[in-house]
Amino acid sequence: AVVSTQSTGAAFAPDKLKLGFSQAMADEARERYKITAIQSRKMYEILRLRATDTSCPEAHKAYRLDVKRRLNKAFQKEKKAMARQRARLTEEELKALDATKTPEQQHEFLERSFLELETEYRKVIERMAAFVEF
């Protein structure tokens, strides 16, 4: 289904997009478009990018941080799992584990992932514009 800011419901209104992803958005997308919460989150990110003035540094930064928070959740889950396993690891295994993911590597990964997503989302917005007026 082709989705635009006009064809989405009240939960995806441009003024609500700037407030962040909400359960109301996930519920509306599930009911109206029969998509999962993860798919509705990506739909939100695409529509929010479309509604964001990327020439305004503050607005673009807020959008970027919102997307990166979602991307960072995988690292947080991994960190919790590793904390549980640390008690069972030997000292050598701990040293090897600590050397694999530095905070700098994590930040680089998040930045690279964000830029790739933003490029993909812009392509989707261009394709949507060919079918639907925003």
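Look a little higher up for the structure.
Rules behind the numbers
Residues numbered from 1 in each chain as written. Predicted model: local features only at pLDDT ≥ 70, side-chain atom pairs only at ≥ 80, totals over all residues. Heavy atoms only, no water. Helix = DSSP H or I, 4+ residues; strand = E, 2+ residues; numbered from the N terminus. Expected span 1.5 Å × (residues − 1). Buried < 20%, exposed > 50% of the residue type's maximum accessible area, 1.4 Å probe, protein only. Contact = heavy atoms within 4.5 Å. Axes fitted to C-alpha atoms, helices over the stretch in contact; angles between N-to-C directions. Parallel < 35°, antiparallel > 145°, perpendicular 65-115°, else oblique. Left-handed = near helix turned anticlockwise from the far one by under 90°. Nonpolar A, V, L, I, M, F, W, Y, C, P; charged D, E, K, R; others polar. Salt bridge = Lys/Arg side-chain N within 4 Å of Asp/Glu carboxyl O.

Draft legend 1. Quick look at helix α3 (residues 37–51). With 15 residues, α3 extends 20 Å between its outermost C-alpha atoms, agreeing within 8% with the 21 Å of an ideal straight helix rising 1.5 Å per residue. Looking only at α3, the buried set comprises Ser40, Arg41, Met43, Tyr44, Glu45, Ile46, Leu47, Arg48 and Leu49. On the buried face of α3, the contacting elements are α1 (14–17), α2 (23–33), α4 (57–85) and α6 (103–131).

Draft legend 2. Summary view of the packing of α4 against α6. Where α4 contacts α6, the two axes come as close as 10 Å, and the packing angle between them is 120 degrees. Here α6 runs oblique to α4, going by the angle between their axes. Judged by the twist between their axes, the crossing of α4 over α6 is right-handed. Residue-level contacts link His60, Tyr63, Arg64, Val67, Lys68, Arg70, Leu71, Asn72, Phe75 and Gln76 of α4 to Gln106, Phe109, Leu110, Glu111, Ser113, Phe114, Leu117, Glu118, Tyr121 and Arg122 of α6. Considered class by class, the residues forming the contact of α4 with α6 number 9 nonpolar, 5 polar and 6 charged.

Draft legend 3. Representation of the pattern of salt bridges within the structure. Under the counting rule described, the total for this entry stands at 9 salt bridges. Across the salt bridge formed by Arg41 and Asp66, the nearest N and O atoms sit 3.5 Å from each other. Residue Arg41 is located in helix α3, and its partner Asp66 is located in helix α4; the two are separated by 25 residues in the primary sequence. Neither Arg41 nor Asp66 differs from the other in exposure class; each is buried.

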